[in-house]
Amino acid sequence: MKRITNIRTLATLLMASAAIVSCSVKEDIFEEETTIKEEPAKVYTLSVNATKGGDDEATKALSLEGKTLNATWSQGDAVEVWTSDGTTTKYGTLTAETSGASTKLKGTLSSLPSNGQSLLLKYLSPAYATQDGTLTGSETSIDRVCDYATATVTATVAGSNVTATDASFVNQQAIVKFTLKDKDDASALSVNKLFVTVGGTTCEVTPAAAMSELYVAVPAVASGRVTLTAQKTSLGFTFYYDYLKTGATFAQGQYYAINASLTLVKNINVATTASLGRVVAADGMMYACVESATNAGTTAIAVITERNSYVSLYGAIAISEESWGMNWSDAKSACEGKTPKLDGANWRFPTVDQWKSMCAANGGNEYNYTGLDALITKAGGSPLRTDWFYWTSSPDEVNSNYKYHVSFNGNGSLYFRNGQDQSNKVYVRAFLYFVGKTN
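Residues numbered from 1 in each chain as written. Predicted model: local features only at pLDDT ≥ 70, side-chain atom pairs only at ≥ 80, totals over all residues. Heavy atoms only, no water.

**Re the pairing of strand 12 (residues 173-182)**
Part 1: Buried residues dominate strand 12, accounting for nine of its ten residues.
Part 2: When strand 12 meets strand 15 (residues 213-219), the two strands line up antiparallel, connected through seven bridges. Counted as the bridge partner of K177 is Y215 from strand 15.
Part 3: Two strands pair when backbone bridges link them, and strand 12 and strand 18 (residues 255-264) are joined in this way by eight bridges, in the parallel orientation. By the bridge assignment for strand 18, V176 is matched with Y256. (Buried < 20%, exposed > 50% of the residue type's maximum accessible area, 1.4 Å probe, protein only. Helix = DSSP H or I, 4+ residues; strand = E, 2+ residues; numbered from the N terminus. Pairing = 2+ DSSP bridges.)

**Some remarks on the pattern of salt bridges**
Part 1: Inspection of every chain in the model, using the stated rule, returns ten salt bridges.
Part 2: Ionic pairing is found between E139 and R144, a salt bridge with its closest N-O pair at 3.3 Å.
Part 3: By relative accessible area, E139 is classed as exposed at 59%.
Part 4: A salt bridge links R385 to D387; the nearest nitrogen and oxygen atoms lie 2.8 Å apart.
Part 5: What makes D387 partly exposed here is its relative accessible area of 46%. (Salt bridge = Lys/Arg side-chain N within 4 Å of Asp/Glu carboxyl O.)

**Quick notes on helix 6 (residues 370-378)**
Part 1: All buried positions along helix 6 are accounted for by L372, D373, L375 and I376. Around the axis of helix 6, the buried residues are gathered within 160 degrees of arc, so they sit on the same side.
Part 2: Looking at the buried residues of helix 6, the elements they touch are strand 22 (300-307), strand 23 (313-318) and helix 5 (352-360).
Part 3: Just downstream of helix 6, G380 is the residue with a positive phi angle, here 100 degrees. (Arc of directions from axis to C-beta. Contact = heavy atoms within 4.5 Å.)

**Observations regarding a nonpolar patch on the surface**
Part 1: A grouping of L235, F237 and F239 is seen on the molecular surface, where their side chains present a nonpolar patch of about 370 Å² in accessible area.
Part 2: Structurally, F239 is set in strand 17 (residues 237-250). (Patch = residues over 30% accessible without salt bridge, like charges linked within 9 Å, V, L, I, M, F, W, Y side chains within 5 Å. Areas by Shrake-Rupley, 256 points an atom, 1.4 Å probe, with all protein chains shown as cover.)

**Some points on the sheet that holds strand 27 (residues 414-421)**
Part 1: In spatial order, the strands read 25-26-27; together these three strands make up an open sheet with antiparallel pairing. Unpaired on one side and paired on the other, strand 25 (389-395) and strand 27 mark the two borders of the sheet. Ignoring which end each strand starts from, the neighbouring axes of this sheet average 35 degrees apart.
Part 2: With six bridges joining them, strand 26 (residues 402-408) and strand 27 adopt antiparallel strand pairing. Across the sheet, V406 pairs through a bridge with F416, a residue of strand 27.
Part 3: With respect to the sheet, helix 5 is in contact with strand 25, strand 26 and strand 27, its orientation differing from that of strand 25 by roughly 125 degrees. (Axes fitted to C-alpha atoms, helices over the stretch in contact; angles between N-to-C directions.)

**Focus on the packing of aromatic side chains**
Part 1: Going through the model one piece at a time under the given rule, you end up with 15 aromatic pairs.
Part 2: A centroid spacing of 5.7 Å and a plane angle of 10 degrees characterise the contact between Y314 and F434, whose relative ring orientation is stacked. Here Y314, found in strand 23, pairs with F434, found in strand 28 (residues 431-435); they are 120 residues apart in sequence, far enough to count as distant. F434 shares its class with Y314; the two are buried.
Part 3: Judged by centre distance (6.3 Å) and plane angle (45 degrees), the rings of Y404 and F416 are tilted. Here Y404 is found in strand 26, whereas its partner F416 is found in strand 27, with twelve residues between them in sequence.
Part 4: Judged by relative accessible area, which is 31%, F416 ranks as partly exposed.
Part 5: Connected via pairs of aromatic rings, a cluster forms that spans W324, W355, Y369, Y390, F408, Y427 and F431.
Part 6: Taking the ring centre of W347 as reference, the NZ or CZ of K338 above it sits at 5.2 Å.
Part 7: One Lys or Arg, R348, reaches over the ring of Y433 and ends 4.5 Å from the middle of that ring. (Phe/Tyr/Trp six-rings, centres within 6.5 Å; stacked < 30°, edge-to-face > 60°. Lys NZ or Arg CZ within 6 Å of the ring centre and 35° of its normal.)

Written as C-alpha cells, this is what we have:
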C-alpha cells in the first residue's frame, strides 16, 4: 500500500510538472505571437532651390528702400510642403540652409508625392490680428507674423529622394504704410489702435506706443473696400476716427504708402450736411460705414440719407429690412417700436412722400432710387429689394382697408401704388429721424 501511495504521489508530481511546463510553453507562444516588430517610418528627402526674383518675391527679413519692398531668407526659416490646394495633405517641412536672397530648402517628408505632382510650399500663415505697426524688430512685427508667402513646384520622385523645380516665393498680401492725419486740421494723428478692414478681413494693429505712421500687412484685394478705424486715448477718454475708400486695389507682394485723413466720430446731435452717407450706430455716434462701427465695438443701425433744407431734421434709412413677411399692422408696430432707441431720434413707418424724399435727396428725382441705393451700399447697408414691394404708412384715399406700397423695378425707377390689402405680407424698412445742426 505504501509503494502504491508513493507511485501515486510521483504520478501526481509528474502531472503537475507537466501542467507547469505546458502553461509556460503556452505563455511563451502567446508572447511571441503578440510581439510585433515596429518598422521605422519611411522618410523621404526633398531639396528645393528657392530664389527671390524681384519685388513680388518675398520671404523673411523685410526692408524698405524708397518704395521698393526687399525681402530675404533667414537661415532656419521653415516652409511647409502641401498638396497644391494647400489644405488636403501636408507632406512635411523644409528648412532654409542659408540666409540671403536665395537659399536651398531641405527637409524630410512623411509620405511620398507622385512623380510630376504639383506641390504648394507655404511660408508662415498670416496673423492679421496681432500686428504692432512695425516692419521688423519685434515679436509681432510683419516679418514675424504676417510674411505669408507661397510657391508652387513640380516634384520629381526617384526612390526615396524627391527633388522639385526651383521655387519662386510670392507674398500673398500687400504691405501698406499708413500715415494718419486728423481731417479737421491736417495734424498728425497718433493712435493707440488701428483696425484696417480690407475685402472683409480685419487687420488689428496695436503699436507699443501711440503712433501716426503704421506698417500694416493686408490681404490682396482688387477694387475692394478699405476701412480704417482708429482708436485714440487722451486724458482717460477714448475717441474714434475713421476713413472709407471704395474701389481700392492692393496687389499681392506690393508695397504702398498712403496718407489717410480720418474723420472724428461724433454724436448724431451735431450732424451736418457732411454727415450724409455716414451710418448711425447703436451708441448714438456717426461712423463712416458698417465695418467702422463694428470695429469700434458697436452696431450700425441706419444710413443718413437726407437733411431737411428748412430745419435741422435729418433722415436715415435702416441698415436692412425687418423680418420678411409682415402684414401692414405688424409692419407699423415693427417700425415704430424698433430698437435701439436714441435720444433725440425716432423710428418711423415711412409714408410714400418720405420714400420719394429719400430718393430725391440722392439724385434729384423722387422717382429714381439709384442714388439712394448707391449711398446705402457704399455705407455697407443692404440694397433695396427689387423682387417685391415695401409697405408705407400712407392710407388709400378710397378704401381704408387698403394701403399704399412702393416698389423698385431693378432699372432705377420707383413706383408707388394704392389698393394693397393690409393682410398681405411684404417687405418693411424703417426710417429714423433725428435733429442735428442746420449747416
